[in-house]
Amino acid sequence: MRQLSVKSHQGTYDVLIESGLLKRLKHHINPELFYVIIADDMIPIDYVNDVKNACPDHLLIRFPAGEMSKSLFEFSRIIDIMVKHNIRKDAVVVALGGGVTGDLSGFIASVYSRGLDFIQIPTTLLSQIDSSVGGKVAINTTDAKNIIGSIYPPKKVLIDSQTLNTLDKRQINAGMAEMIKYGMIADKAFFEKIKNEDPSQDWDYYIHKSLEIKKRYVEADEFDNSIRQSLNFGHTIGHALETYYEYKKYLHGEAIAIGMVQIVSNPQIKKELIECLKKYNLPTSDPVSFDELKVYINRDKKGRKDLLKIVDVTEIGFSVIVKSQFKL
Ligand SMILES: NC(=O)c1ccc[n+]([C@@H]2O[C@H](COP(=O)([O-])OP(=O)(O)OC[C@H]3O[C@@H](n4cnc5c(N)ncnc54)[C@H](O)[C@@H]3O)[C@@H](O)[C@H]2O)c1
């Protein structure tokens, strides 16, 4: 088993990474508590059953898979179900699934009864290496991604890399975009390893290494006012692309791949990045113009007045936050 602990304003939480962990989940769950298990309707039923078996006292709530469920509609529908079932302050929310499930369930946990404890069981590569750690939880409005949200750290993150065996290749590759991001902004040797080796041969190592990098940024700047913004490399344009195409054309990681390529200013670094993204069948460009994306970039939650801050990579493994040359 690999392990990390992450410090947050609500205490330190453990992240456990182990192939086959779901089958041994009861060792990590207090059977005396009541659990609200939230999962989308596409997650393999075996995983849902593993969690149900480990949590004898539970309410299971399903929602339609996909980014469109990070919505006020799903948020209030799930809250209504919880109220109808008299879910009390001592219940624990379990998010079982990808980043959509983690973001939506975490946001519900952050506000229901002014806050319920919350456990992340991420099952996509993207959620295992990124969204389950760091406490960002959010939902979208029609025109703005993650605009309603909070920083609400989980009490525990339980990662079973074996769940990646059932995840389709496109989703795996979308997760690889965030892993490539870590190499680009913070660790050249990791970037080279991703470029030259096959991460599926040792998922636990790659998940742990990615989270070690994320942990450094999150602990240094939990509330995203300075250095944590480096993790947004490629995200300003990526989020704008996702919204522009109404979440239909690209998976999150695919949009980030294009966003990273667009934002890197050094041509040699751009070339190396493109080579690496292509190895994982990720898109590297899109025909939409910057002018068409401007309105969505302006709405990006990180925008402050007329200033757009962007993250550039000046050498692989080293990033800087700069004022953009783009005029909004
Ligand atoms: N909070 C953060 O810090 C943070 C960071 C990065 C991304 N995000 C968010 O994460 C979301 C994307 O998450 P995602 O890429 O995990 O997508 P997702 O949650 O939509 O999951 C993708 C699909 O995979 C299915 N699935 C999940 N696990 C599976 C498994 N093991 N086997 C088979 N199918 C499985 C799901 O049912 C779903 O249909 C976006 O909304 C993005 O904004 C949040």
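K.L.:
Mind showing me how you'd approach the overall build of the protein chain here?
P.N.:
Along the backbone of the protein chain there are 11 helices and 11 strands. Against the globule reference of 20 Å for 328 residues, the protein chain gives a C-alpha radius of gyration of 19 Å, in line with a compact fold. Within the protein chain, the proportion of its 328 residues that are buried is 45%. Contacts in the protein chain between residues at least 24 apart in sequence constitute 70% of all its contacts with a sequence separation of at least 6.

K.L.:
Just checking my understanding: could you explain the site of the ligand for this structure?
P.N.:
Not every one of the 29 residues close to the ligand is listed here, only the nearest: Met42, Gly98, Gly99, Thr124 and Ser131. Residue assignment for the shell around the ligand shows that the elements contributing at least two residues are helix H3 (99-111), helix H4 (125-131) and helix H5 (169-186). When we break the shell around the ligand down by domain, the ones giving at least three residues each are domain 1 (2-166) and domain 2 (173-323).

K.L.:
How do you make sense of the sheet that holds strand S2 (residues 11-17) when you look at a structure like this?
P.N.:
One key point about sheets: their strands pair by backbone hydrogen bonds, in either a parallel or an antiparallel sense. If you walk across this open sheet you meet the 7 strands as S1-S2-S9-S6-S5-S3-S4, and the pairing is mixed. The open sheet has two free edges, formed respectively by strand S1 (2-8) and strand S4 (58-63), since each of these has just one partner strand. The average undirected angle you get between the axes of adjacent strands in this sheet is 15°. Bridge analysis of strand S3 (residues 35-40) against S4 gives 6 bridges, and the strand direction is parallel. In the sheet register, aspartate 40 faces S4, and the bridge partner there is phenylalanine 63. On the sheet, helix H2 (residues 72-84) packs against S3 and S4 and is oriented at approximately 155° with respect to S4. Against the sheet, helix H7 (residues 203-220) makes contact with S1, S2 and strand S9 (156-159), and its axis sits at roughly 15° relative to S1, the strand it touches most.

K.L.:
Hey, could you run me through the domain arrangement of the protein chain in this one?
P.N.:
Quoted interface sizes are often the accessible area lost when the parts come together. Splitting the protein chain by domain gives domain 1 (2-166) and domain 2 (173-323). The straight-line distance from the C-alpha centre of domain 1 to that of domain 2 is 24 Å. Taken together, the 30 residues of domain 1 in the interface contact 26 residues of domain 2. Of all the elements in the fold, those that place two or more residues in the side of domain 1 that touches domain 2 are S1, S2 and H4. Across the side of domain 1 that touches domain 2, the residue classes break down as 14 nonpolar, 10 polar and 6 charged.

Calculation rules
- Residues numbered from 1 in each chain as written.
- Predicted model: local features only at pLDDT ≥ 70, side-chain atom pairs only at ≥ 80, totals over all residues.
- Helix = DSSP H or I, 4+ residues; strand = E, 2+ residues; numbered from the N terminus.
- Rg over C-alpha atoms; globule rule 2.2 N^0.38 Å.
- Buried ≥ 20, exposed ≤ 12 C-beta atoms within 10 Å, placed from the backbone.
- Contact = placed C-beta atoms within 7 Å.
- Near = placed C-beta within 6 Å.
- Domains from an automatic or database assignment.
- Pairing = 2+ DSSP bridges.
- Axes fitted to C-alpha atoms, helices over the stretch in contact; angles between N-to-C directions.
- Nonpolar A, V, L, I, M, F, W, Y, C, P; charged D, E, K, R; others polar.

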